[in-house]
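Each chain, letter by letter, is given below.
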Amino acid sequence: MTSILNTVSSIHSSRVTSVDRVGVLSLRNPDSVEFTRRRSGFSTLIFESPGRRFVVRAAETDTDKVKSQAPDKAPAGGSSINQLLGIKGASQETNKWKIRLQLTKPVTWPPLVWGVVCGAAASGNFHWTPEDVAKSILCMMMSGPCLTGYTQTINDWYDRDIDAINEPYRPIPSGAISEQEVITQVWVLLLGGLGIAGILDVWAGHTTPTVFYLALGGSLLSYIYSAPPLKLKQNGWVGNFALGASYISLPWWAGQALFGTLTPDVVVLTLLYSIAGLGIAIVNDFKSVEGDRAMGLQSLPVAFGTETAKWICVGAIDVTQLSVAGYLLASGKPYYALALVALIIPQIVFQFKYFLKDPVKYDVKYQASAQPFLVLGIFVTALASQH
């Protein structure tokens, strides 16, 4: 790697004809020419002639590559498991298939897979036969690896400038994977997911391709969430609700449509849970405040500040679930309502133990400890809705 002094094309006794990237230029008196190198990383060229003195101070430049001031390597001690799951604390990887998997963020697949399970349970028509199990597994593959993988990859692509600030060692901003490879991955996952949706409609004997329409609508929502000109994520409220609906409502609807029909009460319940999903989405915004602010994204932590946003987050999660419990109680299902309340209590405990103390430091611990109770609550609601 070579460092060179930015050049000066020509210097005359009365003027400088051309200077390439001059840092400092000053005129003084007397006479001689000298070259000095300073410790600060600048080089100085001094040209003197009778009555004039030119000082050209130029920064050294790397001829191979100009790098960001942000670190381009993952923090020391990164985990290979975190890398495969696509979460914070990942080690650096050069294997392209592992990098491709990292972009799809497998850690985000379980809520979508669980949503399909809840939808199948809510339909009341799922049976433990090889055919129904195979249908549900294929629907999970569509919702998780394919369409969630597509969503996460396209989001990372359009977030590459923000990640260059917040996490410059991630695969795209670090250059570990090329633009063409990312675009190819996006199309393969999208078309794969839509293809599976079409197969499921044929398999279920649908005259209207309901699952395909849901998959197509969800894919479009994912695109406008991440991509300009709409880029829903620029608005903390709209973007996070869209994300919550994608993670909770859509896979539930797909699972229920595969085995039965969607009903108005299920649509209401799932949209309510999407508000809880809004709260879950806010959890991931705290670690990106610096980059979001620099790029003009109005995430809730940016718009309201960290202290206010963390209470909005837990409020959205807890109030939504308590509202669903109230709905179940009013619908004559007190035992399901009581079970849901029992699952809300440990979530509140972990909110005070981890998230409300430090939403950045403890975000992973909070999600790992509290969210299992949230998804179990969704399943309880699904069971309640089939009776």
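Residues numbered from 1 in each chain as written. Predicted model: local features only at pLDDT ≥ 70, side-chain atom pairs only at ≥ 80, totals over all residues. Heavy atoms only, no water.

Concerning the overall build of the chain
On a plain count of helices and strands, the chain comes out with 15 helices and seven strands. Residues classed as buried in the chain amount to 45% of the 387 residues present. Nonlocal contacts in the chain, meaning residues at least 24 apart in sequence, comprise 64% of its contacts between residues at least 6 apart. (Helix = DSSP H or I, 4+ residues; strand = E, 2+ residues; numbered from the N terminus. Buried < 20%, exposed > 50% of the residue type's maximum accessible area, 1.4 Å probe, protein only. Contact = heavy atoms within 4.5 Å.)

Topic: the packing of aromatic side chains
Counted by the stated rule, this structure contains twelve aromatic pairs. Ring centres 5.3 Å apart and planes at 90° place the aromatic pair F126 and F259 in the edge-to-face group. Of the two residues, F126 sits in the loop between α3 (109-123) and α4 (130-158) while F259 sits in helix α9 (residues 236-259), which places them 133 residues apart along the sequence. Residue classification places F259 among the buried residues on the basis of a relative accessible area of 10%. (Phe/Tyr/Trp six-rings, centres within 6.5 Å; stacked < 30°, edge-to-face > 60°.)

Some thoughts on a positive patch on the surface
Judged by side-chain charge, K353, K357, K361 and K365 come together as a positively charged surface patch. You can see K361 is positioned in the loop between α14 (334-355) and α15 (363-385). (Patch = residues over 30% accessible without salt bridge, like charges linked within 9 Å, V, L, I, M, F, W, Y side chains within 5 Å. Areas by Shrake-Rupley, 256 points an atom, 1.4 Å probe, with all protein chains shown as cover. Salt bridge = Lys/Arg side-chain N within 4 Å of Asp/Glu carboxyl O. Lys, Arg positive; Asp, Glu negative; His and termini not counted. Charge placed at Lys NZ, Arg CZ, Asp CG, Glu CD.)

Some remarks on the side chain of D285
Relative to the elements of secondary structure, D285 occurs in the loop between α10 (264-283) and α11 (289-295). Buried and unpaired, D285 has K233 as its nearest opposite-charge partner, separated by 6.7 Å. Setting aside its immediate chain neighbours within four residues, D285 contacts N240, D292, S299 and P301.

Here's the deal with the pattern of salt bridges
Side-chain pairing between opposite charges can occur once the charged atoms of the two side chains come close. The final tally for this structure, using the stated rule, is eight salt bridges. K105 is the partner of D156 in a salt bridge, and the nearest nitrogen-oxygen pair spans 2.8 Å. Within this pair, whereas D156 is found in helix α4, its partner K105 is found in the loop between α2 (96-104) and α3, the two being separated by 51 residues in sequence. The pair D156 / K105 is uniform in exposure class, with both members buried. The shortest N-O distance in the salt bridge between K310 and E307 comes to 3.1 Å. With K310 and E307 both in helix α13 (residues 306-330), this residue pair falls three residues apart, about one helical turn. By sharing partners, the salt bridges in this structure join K105, D156, D163 and R170 into a single network.

A few points about the packing of α13 against α15
It is the contact of α13 with α15, at a shortest axis distance of 11 Å, that shows an interaxial angle of 20°. Here α13 lies roughly parallel to α15, going by the angle between them. Viewed along their axes, α13 and α15 form a crossing whose handedness is left-handed. Contacts between α13 and α15 involve I317, Q321, V324 and L328 from the first element and Y366, L374, T381 and A384 from the second. Looking at the contact of α13 with α15 residue by residue, the class counts come to six nonpolar, two polar and no charged. (Axes fitted to C-alpha atoms, helices over the stretch in contact; angles between N-to-C directions. Parallel < 35°, antiparallel > 145°, perpendicular 65-115°, else oblique. Left-handed = near helix turned anticlockwise from the far one by under 90°. Nonpolar A, V, L, I, M, F, W, Y, C, P; charged D, E, K, R; others polar.)

Thoughts on the UniProt feature "transmembrane region" (unreviewed entry) in the chain
Here, UniProt's "transmembrane region" (unreviewed entry) annotation points to residues 186-204, 210-225, 237-254, 266-287 and 335-356. Structurally, residues 237-254 is divided into 100% helix and 0% strand, and its ends, taken at the C-alpha atoms, are 25 Å apart. Each end of residues 335-356 is marked by a C-alpha atom, and these two atoms are 30 Å apart; helix forms 95% of the span and strand 0%. (UniProt positions renumbered as here; feature names shortened; annotations may be inferred.)

What about the confidence of the model for the chain?
As a note on interpretation, predicted positions should not be read in detail where pLDDT is low. Per-residue pLDDT for the chain averages 82, and the proportion of residues at 70 or more is 80%. With pLDDT under 50 throughout, residues 1-47 is counted as low confidence; its partners more than four residues away or in other chains account for 118 contacts. Per-residue pLDDT stays below 50 along residues 54-71; that stretch engages in 66 contacts with residues further than four places along the chain or on separate chains. (pLDDT = per-residue confidence, 0-100.)

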